[in-house]
Amino acid sequence: MRPLIEFCLSNLANGSHDAMEEFQRDPNVDTVEYGCLSHCGLCNQEHFALVLGKAITGDTPKELVINSYTYIDENEEF
């Protein structure tokens, strides 16, 4: 089973789309987008995604990608 990375449409519109595109090119992770992930305060402040069910953030889309892969590596059960 591959790690799941979930995105909120509002956060994608605020700039996280570049991060999602990078994850979509990786055959070792699955991505999904939802209308809302119920993290509205976080969504308005930073780039974020739910990685293995945990909210991971970054100041930039690239930092979000790096932080997400770091979290996956540290919690690898796959």
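Caption draft 1: Region of interest: helix α3 (residues 61–74). Taking 1.5 Å per residue as the helical rise, α3 with its 14 residues ought to reach 20 Å, and the 20 Å between its terminal C-alpha atoms agrees with that figure. Residues of α3 that are buried include every one of P61, L64, V65, S68, Y71 and I72, and no others. The buried residues of α3 all sit within an arc of 130 degrees when viewed along its axis, so they share a single face. Exposed residues pointing more than 90 degrees away from the buried face of α3 are listed as D73 and E74. Each element contacted by the buried residues of α3 is listed here: β1 (4–8), α1 (9–24), β3 (47–51) and β4 (54–58).

Cut-off values and rules
Residues numbered from 1 in each chain as written. Predicted model: local features only at pLDDT ≥ 70, side-chain atom pairs only at ≥ 80, totals over all residues. Heavy atoms only, no water. Helix = DSSP H or I, 4+ residues; strand = E, 2+ residues; numbered from the N terminus. Expected span 1.5 Å × (residues − 1). Buried < 20%, exposed > 50% of the residue type's maximum accessible area, 1.4 Å probe, protein only. Arc of directions from axis to C-beta. Contact = heavy atoms within 4.5 Å.

So yeah, pure geometry; function would need other evidence.
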